[in-house]
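# Survey of secondary and tertiary structure
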Amino acid sequence: MRSLLPVFLEAAEIITANLREQPPVFLVPLASTLSENDLDEAGLSRYRAVLDIRVVAEDNYNLMNSCQAVVAASGTVTLELAILSTPMVIAYKLSKITYMLAKFLVKLEYFSLVNLIAGKKVVTELLQDEVKAATIAEQLLLLVGETEERKEVLQSLEEVRKKLGGAGASEKAADLVFEILGEKTLNG
């Protein structure tokens, strides 16, 4: 959180500058393990005066469902966003040594659960040095409004939802990811 939040906030500033006629509202979910003070210490306080930021501590599903687009750290939240048909950009940073080790040991075309389950690029993935405010903002701006990119992502997210099905979606997702990982291990 501490390494990504400042980059996410800088991206929000760029987005606001691009959408001056209709300044956006930025919703920040507050994890149960954090306080608003933690967010402020991670950089949120510097942006409160220039951005319309609202920290939301409860009802994350309504929060996610109300967003036109989301930037998220990779993880299970991306599946929740996919099920809610919320377009997203996924950003992830590992320590340099962990990244080098993972790059050496794991050979996957995608790192996000959404793209792994789809078997194709559905959402933009930004990894390591690609995680830059300007890139995040550029990709999110493509997903706001009635753009072709947004329509394509929504259609692909619907395909992911169908693969996951209804009840037991998390178990199905896990099975699909393990199946993909097994194929990659067997096939190199």
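Everything here concerns the structure above.
The notes below deal with the structure included here. Only a predicted model underlies this, so the values are computations on that prediction, with no experimental measurement involved. Think of each chain on its own: its residues are numbered from 1, step by step along the sequence as written. Owing to the predicted nature of the model, reporting of local features is limited to residues with pLDDT of at least 70; listing and counting of side-chain atom pairs is limited to 80 or more, with chain, interface and lining totals taken over all residues. No hydrogens and no water enter the side-chain calculation; it runs on all heavy atoms of the structure.

### A look at the overall build of the protein
Helix and strand labels come from DSSP, where a helix needs a run of H or I of at least four residues and a strand needs a run of E of at least two; each type is numbered from the N terminus. Counting secondary structure elements, the protein contains nine helices and five strands. Of the regular secondary structure in the protein, the N- to C-terminal order runs α-β-α-β-α-β-α-β-α-α-β-α-α-α. A burial count over the protein gives 36% of its 188 residues as buried. Here a residue-residue contact requires only that any non-hydrogen atoms of the pair lie within 4.5 Å. Taking the intrachain contacts of the protein between residues at least 6 apart in sequence as the baseline, contacts between residues at least 24 apart amount to 65%. Exposure is judged per residue with a 1.4 Å probe applied to protein chains only, and the accessible area is read against the type maximum: over 50% gives exposed, under 20% gives buried, and values in between give partly exposed.

### Here's the deal with helix H1 (residues 5-18)
The first and last C-alpha atoms of H1 sit 20 Å apart over 14 residues, in line with the 20 Å expected at 1.5 Å per residue. For H1, every residue scored as buried is listed here: Leu-5, Val-7, Phe-8, Leu-9, Ala-11, Ala-12, Ile-15 and Thr-16. In this scheme, a helix's expected span is set at 1.5 Å multiplied by one less than its residue total.

### Points about the sheet that holds strand S3 (residues 70-73)
Two strands qualify as a pair provided DSSP detects at least 2 bridges between them. Here three strands make up an open sheet; going across it, the order is S3-S4-S5 and the pairing parallel. Looking at strand neighbours, the two that pair on one side only are S3 and strand S5 (124-127), the edges of this open sheet. In this sheet, adjacent strand axes meet at a mean angle of 25 degrees when their direction is disregarded. Here strand S4 (residues 88-92) pairs with S5 via four bridges, running parallel. Bridged to Tyr-92 within S5 is Leu-127. The convention used is that axes are lines fitted to C-alpha atoms, helices contributing only their stretch in contact, and that angles between N-to-C directions extend from 0 to 180 degrees.

### Some thoughts on a nonpolar patch on the surface
The grouping of Leu-101, Phe-104, Leu-105 and Val-106 at the surface amounts to a nonpolar patch, some 450 Å² of accessible area in total. Following the sequence through the fold, Phe-104 ends up in helix H5 (residues 96-105). Only residues above 30% relative accessible area that lack a salt bridge enter a patch, with like-charged residues linked at up to 9 Å and the nonpolar side chains Val, Leu, Ile, Met, Phe, Trp and Tyr linked at up to 5 Å. For every accessible area listed, the method is Shrake-Rupley and the probe measures 1.4 Å; residues are considered covered only by the protein chains on display. Note on definitions: salt bridges are taken to be side-chain nitrogens of Lys or Arg within 4 Å of carboxyl oxygens of Asp or Glu.

### Quick word on the pairing of strand S1 (residues 25-29)
Alternating positions in S1 separate cleanly, Phe-26 and Val-28 being buried on one face and Val-25, Leu-27 and Pro-29 remaining unburied on the opposite face. As defined by bridge partners, S1 adjoins strand S2 (residues 52-56) across five bridges and the pair is classed as parallel. The residue of S2 that forms the bridge with Val-25 is Asp-52.

### Topic: helix H7 (residues 133-141)
One turn of an α-helix holds 3.6 residues; hence residues three or four places apart share an orientation. Ala-133, Ile-136, Ala-137, Gln-139 and Leu-140 are the residues of H7 that are buried. Viewed along the axis of H7, the buried residues span an arc of 165 degrees, placing them on a single side of the element. The inward-facing, buried residues of H7 abut H1, S3, S4 and S5. The directions considered for the arc are those from the helix axis to the C-beta atoms.

Read these as geometric descriptors, not functional statements.
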